[in-house]
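Residue strings, one per chain:
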Amino acid sequence: MALTFRTAGRDDVPEIVRLTADDALSTGGDVYGEPLDPLYWDAFDRMAAQPGNSIVLAEQDGRIVGCFQFTVTHGLARRGAARATVEAVKVDGALRGQGIGSAMMRHAIALARAEGCVMVQLTSQTRRTDAHRFYERLGFRASHVGMKLLLTPEA
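Cut-offs used in this document
Residues numbered from 1 in each chain as written. Predicted model: local features only at pLDDT ≥ 70, side-chain atom pairs only at ≥ 80, totals over all residues. Heavy atoms only, no water. Helix = DSSP H or I, 4+ residues; strand = E, 2+ residues; numbered from the N terminus. Polar contact = N/O pair within 3.5 Å; in protein donor to acceptor, adjacent residues only side chain to side chain. Contact = heavy atoms within 4.5 Å. Pairing = 2+ DSSP bridges. Axes fitted to C-alpha atoms, helices over the stretch in contact; angles between N-to-C directions. Buried < 20%, exposed > 50% of the residue type's maximum accessible area, 1.4 Å probe, protein only. Core = buried A, V, L, I, M, F, W, Y, C linked by side-chain atoms within 4.5 Å. Phe/Tyr/Trp six-rings, centres within 6.5 Å; stacked < 30°, edge-to-face > 60°. Salt bridge = Lys/Arg side-chain N within 4 Å of Asp/Glu carboxyl O.

- In the nomenclature of an unreviewed UniProt entry, the protein chain is known as GNAT family N-acetyltransferase of Azospirillum aestuarii.

Spelled out as structure tokens, the structure:
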């Protein structure tokens, strides 16, 4: 299994949405179909314009088999240290369990080191117990409690 990694471009948006919509535990309501919802294109353009924010693709034999969002955040905490956040880790459903996710996370950690980050952080839905075990095997620890407030449009 030879994987290569690259930063996603605008032409990759449909495949990224396909991987995202294929996640049975996702609560985002993502839908893959033609034509692709214009909101996805707009979101990608906003991300691409933001320094330190990208989607990384994993390819096998020229086919996109996984992706994750990689964001570097600079702050004052920890004496001005940068941190990397990895979100939306997705592996093609037909290829799960073949080491693609592990290779992707090792690549994310290498990217974080190359950016001078002092840590890699991520969130995972509480019901993703298999994912939690996966991340723990890679050395991640549940050290914080995450909270979210979903904002709905005001009427």
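Points about the side chain of Thr71
Line of reasoning, step 1. Looking at where Thr71 falls in the secondary structure, it is placed in strand S3 (residues 63-74).
Line of reasoning, step 2. Only 3.3 Å separates the side chain of Thr71 from the side chain of Asn53, close enough to count as a polar contact.
Line of reasoning, step 3. Residues within four places of Thr71 in sequence aside, it is in contact with Gly52, Asn53, Arg83, Ala84 and Thr85.

Concerning the sheet that holds strand S4 (residues 82-91)
Line of reasoning, step 1. Across the sheet, five strands lie side by side as S1-S2-S3-S4-S5; this open sheet has mixed pairing. Looking at which strands have only one partner, the edges of the open sheet turn out to be strand S1 (3-7) and strand S5 (117-122). On average, adjacent strands in this sheet sit at an angle of 25° to one another, irrespective of strand direction.
Line of reasoning, step 2. Strand direction decides the pairing type here: S1 and strand S2 (residues 53-60), joined by five bridges, are antiparallel. Along S2, the bridge assignment pairs Thr7 with Val56.

Let's talk about the pairing of S2
Line of reasoning, step 1. The buried fraction of S2 amounts to eight of the eight residues, a majority that puts the element mostly inside the structure.
Line of reasoning, step 2. Along S2, one buried face is formed by Asn53, Ile55, Leu57 and Glu59 and the opposite face, lined by Ser54, Val56, Ala58 and Gln60, is buried too.

A closer look at the nonpolar core
Generally speaking, soluble globular proteins have nonpolar side chains that are buried together.
Line of reasoning, step 1. Core analysis: the biggest nonpolar cluster contains 23 residues, and Phe68, Phe70, Val86 and Ile100 have the highest contact counts within it.
Line of reasoning, step 2. In terms of residue count, helix H4 (residues 100-114) provides more of this core than any other element does, six residues in total.
Line of reasoning, step 3. What Val86 contacts, discounting residues up to four positions off in sequence, is Phe68, Gln69, Phe70, Met105, Ala108, Val120, Gln121, Leu122 and Thr123.
Line of reasoning, step 4. Of all hydrophobic cores here, the second largest spans 13 residues; its members include Ala8, Ile16, Leu36 and Ile55.

Overview of the packing of aromatic side chains
Line of reasoning, step 1. If you walk through the whole model with that rule in mind, you get two aromatic pairs.
Line of reasoning, step 2. Seen in terms of ring centroids, Tyr135 and Phe140 are 5.9 Å apart; in terms of plane orientation they differ by 70°. Their pairing is edge-to-face. Accessibility classification places Tyr135 together with Phe140 in one group, the buried group.
Line of reasoning, step 3. Among the aromatic residues, those joined into a cluster by ring pairs are Phe134, Tyr135 and Phe140.

Let's talk about helix H1 (residues 13-21)
Line of reasoning, step 1. Among the residues making up H1, those that are buried are Val13, Pro14, Ile16, Val17, Leu19 and Thr20.
Line of reasoning, step 2. In this structure, the buried side of H1 is in contact with helix H2 (38-48), S2, S3 and S4.

Points about the pattern of salt bridges
Line of reasoning, step 1. Scanning the entire structure with this criterion turns up eight salt bridges.
Line of reasoning, step 2. A salt bridge links Glu59 to Arg6; the nearest nitrogen and oxygen atoms lie 3.0 Å apart. Pair noted here: Glu59 is in strand S2 and Arg6 is in strand S1, with a separation of 53 residues, a long-range link.
Line of reasoning, step 3. Since its relative accessible area comes to 14%, Glu59 is described here as buried.
Line of reasoning, step 4. The class for Arg6 is partly exposed, based on a relative accessible area of 31%.
Line of reasoning, step 5. The shortest N-O distance in the salt bridge between Arg63 and Asp92 comes to 2.7 Å. Placement of the pair is Arg63 in strand S3 and Asp92 in the loop between S4 and H4, with a sequence separation of 29 residues.
Line of reasoning, step 6. Looking at Asp92, the relative accessible area reads 5%, which means it is buried.
Line of reasoning, step 7. Shared partners join several salt bridges into a network, and the residues in it are Glu15, Arg18, Arg63 and Asp92.

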